Amino acid sequence: MQDILTYKNQRFHSLWLRDNCQCPQCRHENGQRLHETWQLPADVKIAESRETDTGLWVRFAEPHTHESEFTDTYLASHAYDNGTATTDRDTLWGSDLNLDSISFEYADVISDDRTKLAWLDALISHGITKLSGVPAQAGMILKAVDLFGFVRQTNYGTLFEVKTEEKPQNLAYTPMPLSLHTDNPYRDPVPTLQLLHCLIQAEEGGVTALTDGFEAARILREEYPEKFALLSEQIVRFRFASQDAVLEHQDTMITTNSRGEIIKVRINNRSSAPFQVDFDIMPAFYDAYQTFMRIVQGDRCKRTLKLQSGDLILFNNERVLHGREVQAIGARHLQGCYADIDSLRSTAAVLRNQLKS
C-alpha cells in the first residue's frame, strides 16, 4: 500500500486522488463535490492502481475502500508535482506594442464567435484590446460590456463622461494631461476592467498613453530588486473624497502571489494619501516609487495612441496604466465604464468550449 502514486512522471498523493474522485458518489453531474474534504480519512492509502485506455484506475485500501478513475486529460491539467502553473499566459509588452495584434473591428466581433473569442483572449493575454467602428453614440459602451459581462456601477454612475467640466470632482474631467495611473485604487475591490469609448476626438492633443504595469514591474525587479521589494511589501493608503463619497483603501503598489508572480499594480498619483511607511525607510521608499514611475513613464514601456471617434479600448485596470499625454484642445468627449474580468474570462471559456464541440 502507498500514499504517493507516480503516473506518467507526475506524483499524486493518495488523499488528493481520493478527494478528487470523479465518480457519481463524489461528484454531482454539475461537477461540484458531494463529499466534505475535511471529513476524508487523512490516512487513506492506495491498495492497487493500473492504467486504462483513457487514464488511471485506483482502488483505495480498507477500511476506506473506494474506486476511482481519472482521465489523462484531468490528471495532466491538474498535476502539481512541479509547482502550479498559471492558467493564463501574460504577454508582456512595452513601447514596441504592435497595436494590430490587439485591434479588432466591432462589426466582426459581434458577428463572428471566433473573432469575439480572439478579442477576449487578447485582453486576457495582453491586458488590453482596441475595438474600431463602435458607433459613436452615447451608451454604446454598455453594449460592448454586454458582449462579455456586466457593468460595475460606482459612485461615478453606470457610465461616466470624460469631458471638461466647470467644477470637476476628478482631474480626468479637465483637458489637463494626466500621468499614467490605474483607476479607483481607493476602492476594495478595485474594478478590474475599464472601458473608454471615444465619441468625439480631440482637435489637437488628447493623446492616450498606456503602459503594461506588469512589464514595468518586471523591469524594476530585474534591475532594482531591493526597490521592487519595498513597493511589493510596504502598505500605502489611497483616498478619494467628494460631496457624496469618501473612499479609502490600503494596499501595496505592486502585488505578487505566493509564487512570486506579479498579479496587480495599483498606482495613482492623484489619489495617493501621504505615505506612512516606517520613518527609517521613508527615503528609500520614495526612491523606489520614483524609480518605478520613471520606468512606467519611460520610453521602454509607454505606448501612445490617439483615439478616433468610434474607437473603444478595454483594459485590465489592475495591470495596464493609462493617462493623457498632451492637453486636449477642442470638444473631446469619451464615455467610460467599469466591469469585472471574471465575467470576461467566463465568457471566453464558454465560447472556447462551444467552438470545440
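Residues numbered from 1 in each chain as written. Predicted model: local features only at pLDDT ≥ 70, side-chain atom pairs only at ≥ 80, totals over all residues. Heavy atoms only, no water.

**Q** Whenever I open this one, the packing of aromatic side chains confuses me. Can you help?
**A** Remark: the centre distance and the inter-plane angle together describe each pair of aromatic rings, the angle taken between the planes. All chains considered together, the criterion is met by twelve aromatic pairs. Aromatic pair Tyr186 and Phe240: ring centres 5.2 Å apart, planes at 25 degrees, arrangement stacked. Taken together, the positions of Tyr186 in the loop between strand E9 (178-181) and strand E10 (193-200) and Phe240 in strand E12 (residues 236-241) put the pair 54 residues apart, joining distant regions of the chain. For the pair shown, Tyr186 and Phe240 are each scored as buried. Through a chain of ring-to-ring contacts, three or more aromatic side chains come together here, namely Tyr156, Phe160, Tyr186, Phe240 and Tyr338. (Phe/Tyr/Trp six-rings, centres within 6.5 Å; stacked < 30°, edge-to-face > 60°. Helix = DSSP H or I, 4+ residues; strand = E, 2+ residues; numbered from the N terminus. Buried < 20%, exposed > 50% of the residue type's maximum accessible area, 1.4 Å probe, protein only.)

**Q** What is the right way to read the state of the cysteines from this model?
**A** One way to say it: the disulfide is the covalent bond shared by the sulfur atoms of two cysteines. Taken as a whole, this structure holds zero disulfides when the rule is applied. Counting only cysteine sulfurs, Cys23 is the nearest neighbor of Cys21, a cysteine outside any disulfide, at a range of 3.5 Å. (Disulfide = S-S within 2.5 Å.)

**Q** Explain the sheet that holds strand E6 (residues 103-105) here, please?
**A** Where strands meet in a sheet, backbone hydrogen bonds hold them as pairs that are either parallel or antiparallel. An order of E6-E7-E17-E10-E19-E8 is seen for the six strands of this open sheet, with the pairing classed as mixed. Two strands lie at the open edges of the sheet, namely E6 and strand E8 (160-162), each paired on one side alone. Taken over all neighbouring pairs, the strand axes of this sheet differ in orientation by 25 degrees on average, direction set aside. Two strands pair when backbone bridges link them, and strand E7 (residues 128-132) and strand E17 (residues 312-316) are joined in this way by four bridges, in the antiparallel orientation. Paired with Ile128 across the two strands is Phe315, which belongs to E17. Contacting E6, E7, E10 and E17, helix H4 (residues 113-126) crosses the sheet at an angle of about 145 degrees to E7. (Pairing = 2+ DSSP bridges. Axes fitted to C-alpha atoms, helices over the stretch in contact; angles between N-to-C directions. Contact = heavy atoms within 4.5 Å.)

**Q** I'm lost on the pattern of salt bridges in this one. Help?
**A** One side chain can pair with another of opposite charge once the charged atoms of both are near each other. Taken as a whole, this structure holds 19 salt bridges when the rule is applied. For the salt bridge of Arg59 with Glu48, the shortest nitrogen-to-oxygen distance reads 3.3 Å. Here Arg59, found in strand E4 (residues 55-60), pairs with Glu48, found in strand E3 (residues 46-51); they are eleven residues apart in sequence, far enough to count as distant. With a shortest N-O distance of 3.9 Å, Asp311 and Lys130 are connected by a salt bridge. Linking Asp311 in the loop between strand E16 (303-305) and E17 with Lys130 in strand E7, this pair joins segments that are 181 residues apart in sequence. With relative accessibility at 6%, the residue Asp311 sits in the buried group. Where salt bridges share partners, they join Asp90, Asp212 and Arg319 into one cluster. (Salt bridge = Lys/Arg side-chain N within 4 Å of Asp/Glu carboxyl O.)

**Q** Would you take a moment to explain the nonpolar core for this structure?
**A** Across soluble globular proteins, nonpolar side chains have a tendency to be buried as a group. Counting 49 residues, the largest nonpolar core has Leu231, Met253, Ile254, Ile267 and Phe292 as its most contacted members. Here the element with the most residues in this core is helix H8 (residues 282-297); it accounts for seven residues. Once residues within four sequence positions are removed from consideration, Phe292 is found in contact with Gly213, Ala216, Ala217, Leu220, Leu231, Ile254, Val265 and Ile267. Counting residues in hydrophobic clusters, the runner-up holds 27 residues, among them Leu193, Leu195, Leu314 and Ala348. (Core = buried A, V, L, I, M, F, W, Y, C linked by side-chain atoms within 4.5 Å.)

**Q** Would you mind showing me how to read the pairing of strand E18 (residues 320-324) here?
**A** Looking along a regular strand, one sees side chains alternate from face to face of the sheet. The element E18 is largely enclosed, with a buried count of five among its five residues. Relative to E18, E9 runs antiparallel, the two being bridged by two bridges. Note that in E18 the partner of Leu178 across the bridge is Arg324.

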